[in-house]
Amino acid sequence: MTTENPDWIPKHHCLYENDIILDKSMIPFTPQLRSMECRDDDIFVCTWPKCGTTWMQAIVMNIMNDADMSGVSKDLSKSFPMLEYMIKDPEELISTMSNLKIPDVRDLPSPRTMKTHMPLRCLPKDIQEQCKKPKIIYVTRNPKDTVVSLYHFDMSIQTKELSDEDYTKLTFHQYLERFFHNNCYFGSYWEHTLDFWNRRHWENVLFLTYEDMLIDPRSHVEKIAKFLGKKLTVKQIDAITIETSFKKMEKNTMFNYESWKMTTPFMRKGKAGDWKRHFTVEESERMDKLYEEKFGGTGLQHIFEV
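These figures come from a predicted structure and were not determined experimentally.

### Quick look at the packing of helix α6 (residues 143–156) against helix α7 (residues 172–180)
At their nearest, the axes of α6 and α7 sit 10 Å apart, and the two run at 120° to each other. Regarding the angle of α6 to α7, the classification is oblique. Between α6 and α7 lies a crossing of right-handed hand. The residues of α7 that touch α6, namely those facing P143, V147, V148, L150, Y151, D154 and M155, are F172, Y175, L176 and F179. Each residue belonging to the contact of α6 with α7 can be placed in one class, and the counts come to ten nonpolar, no polar and one charged.

The following block contains the structure:
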């Protein structure tokens, strides 16, 4: 359910369920996401935006295809769709706005691989009530680097029909203020993360951090393969680790969103610690305090520099 936009929400966004900011173009896709029937062999990659989603998609796809991507569709909207935005690129959306057809997830062959940024409460009841047990891989990233990455991504979308000229002029410090008040995409980063962290003990949930993956990518490829029930050779594990490295992926048109024609590359840094170039001392201390308020005592801990 959408509500009337407050003045602080740009014209291309809307407020969904009172506290989740989405692109207006995502709204037609949400009913299917909430009502879809899951399968036990489904694979969901769940993240708050800019926490390593595409990286995890690449790893999962390589694992499920035994390190051989030659026969996989290069169109991620078909091979690994984002459930709240099942399109190839903004140009496709613009051209079909007046006659938008929602792809039916029931038509996807098993095992279905899907991603979403929606909070847990907006996912299918089959997941929330554990009626089915699809594999769920959740990736989280430290909030400082996350908001920096989201800022650059958000500001880089200059497509007139899908953006707001005043919004794309926001400074990072103005954007950070929005984050502090949970006024960024997909609702509260803190609640989104904790909802999955609190379910990390579910047998069908694998909870990972972006920074740990940066430190030791190979062992994480092995861990993810084991979680997905795939037995790979040492050679295949090595090949996937190489193919899903930042240097490889930033040049891979399947994953770098080159067709989106953004002003800043979709794969910009792929590091931990870039936040130091953006935060003031006061802003960093404010985030540290908020981090302790939200995550203190939960056992969840991020690394802020690698």
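Moving on from the coordinates now.
### Some points on the nonpolar core
One finds F44, W48, Y175 and F179 to be the most contacted residues of the largest nonpolar core, which totals 59 residues. When residues of this core are traced back to their parent elements, those giving at least two are β3 (20–23), β4 (43–47), β6 (135–140), α6, α7, α8 (189–197), β7 (205–209) and α13 (281–295). When residues of this core are assigned to their parent elements, the largest contribution, six residues, is made by α6. Residues A58, I59, L208 and F227 belong to the second largest nonpolar core, which totals 28 residues.

### Concerning the sheet that holds β7
Across the sheet, four strands lie side by side as β5-β4-β6-β7; this open sheet has parallel pairing. Every interior strand has two partners, whereas the edge strands, β5 (113–116) and β7, have only one. In this sheet, neighbouring strand axes are inclined to one another by 20° on average, regardless of whether the strands run parallel or antiparallel. Bridge count between β6 and β7: five bridges; the pairing is parallel. Within β7, the position partnered with I136 by the bridge is V205. Sitting on the sheet, helix α2 (residues 53–64) is in contact with β4, β5, β6 and β7, with an inclination near 165° to β4. On the sheet, α8 packs against β4, β6 and β7 and is oriented at approximately 140° with respect to β6.

### Some details on the layout of surface pockets
To find leftover empty space, one rolls a probe the size of a water molecule over the atoms. Counted as a void, the second largest pocket has a volume near 290 Å³. Lining the second largest pocket are 14 residues, and of these N65, S79, P109, P111 and T113 sit closest to its centre. Contributing elements (two or more residues each) for the lining of the second largest pocket: α2 and α3 (76–79). Of the residues assigned to the lining of the second largest pocket, the class counts are seven nonpolar, five polar and two charged.

### Quick look at the pairing of β3
Residues I20 and L22 of β3 are buried on one face, and the alternating residues I21 and D23, pointing to the opposite face, are buried as well. Relative to β3, strand β2 (residues 13–16) runs antiparallel, the two being bridged by four bridges. Its bridge partner being in β3, L15 is matched across the sheet by I21.

### Section: the environment of T54
As for its position among the elements, T54 is in helix α2. Placed 26 residues apart in sequence, T54 and F80 show a C-alpha to C-alpha distance of 9.9 Å.

### Side note on unusual backbone geometry
Of note, the amide linkage connecting S110 to P111 takes the cis form, showing an omega dihedral of -5°. Following the sequence through the fold, P111 ends up in the loop between α4 (90–96) and β5. Phi is positive for Q130, close to 55°, though the residue is something other than glycine. Topologically, Q130 is positioned in the loop between α5 (125–128) and β6. Residue Q130 is classed as partly exposed on the basis of its relative accessible area, which comes to 31%. Positive phi is not limited to glycine here, since F186 has a value of about 65°. Positionally, F186 belongs in the loop between α7 and α8. The class of F186 is buried, set by a relative accessible area of 3%.

### Description of α13
Relative to the 21 Å expected for 15 residues at 1.5 Å per residue, α13 spans 21 Å between its end C-alpha atoms, a close match to the ideal helical length. E283, S284, M287, L290, Y291 and F295 are the residues of α13 that are buried. Across the axial projection of α13, the buried residues extend over an arc of 125°, all falling on one side. Those residues of α13 that are exposed and angled more than 90 degrees off the buried face are V281, E282, E285, K289, E292 and E293.

### As for the side chain of H192
Secondary-structure assignment places H192 in helix α8. Judged by its relative accessible area of 1%, H192 falls in the buried class. From its side chain, H192 meets the backbone oxygen of H117 in a polar contact 2.7 Å long. With sequence-adjacent residues up to four places away left out, H192 is seen in contact with T47, W48, H117, M118, P119, Y138 and F186.

### Topic: the pattern of salt bridges
Within the structure shown, the criterion is met by 14 salt bridges. Salt-bridge contacts for E17 lead to R121; the nearest nitrogen and oxygen are separated by 3.4 Å. In this pair, E17 sits in the loop between β2 and β3 while R121 sits in the loop between β5 and α5, placing the two residues 104 residues apart along the sequence. By relative accessible area, E17 is classed as partly exposed at 25%. Between R277 and D274 there is a salt bridge, with the nearest N and O atoms lying 2.8 Å from each other.

What counts and what doesn't
- Residues numbered from 1 in each chain as written.
- Predicted model: local features only at pLDDT ≥ 70, side-chain atom pairs only at ≥ 80, totals over all residues.
- Heavy atoms only, no water.
- Axes fitted to C-alpha atoms, helices over the stretch in contact; angles between N-to-C directions.
- Helix = DSSP H or I, 4+ residues; strand = E, 2+ residues; numbered from the N terminus.
- Parallel < 35°, antiparallel > 145°, perpendicular 65-115°, else oblique.
- Left-handed = near helix turned anticlockwise from the far one by under 90°.
- Contact = heavy atoms within 4.5 Å.
- Nonpolar A, V, L, I, M, F, W, Y, C, P; charged D, E, K, R; others polar.
- Core = buried A, V, L, I, M, F, W, Y, C linked by side-chain atoms within 4.5 Å.
- Buried < 20%, exposed > 50% of the residue type's maximum accessible area, 1.4 Å probe, protein only.
- Pairing = 2+ DSSP bridges.
- 1 Å grid on protein atoms, 1.4 Å probe; cavity = no way out; pocket = protein on both sides within 12 Å on 5 of 7 lines; lining within 4 Å.
- Points joined across faces, edges and corners; volume = space filled by probe spheres on them.
- Expected span 1.5 Å × (residues − 1).
- Arc of directions from axis to C-beta.
- Polar contact = N/O pair within 3.5 Å; in protein donor to acceptor, adjacent residues only side chain to side chain.
- Salt bridge = Lys/Arg side-chain N within 4 Å of Asp/Glu carboxyl O.

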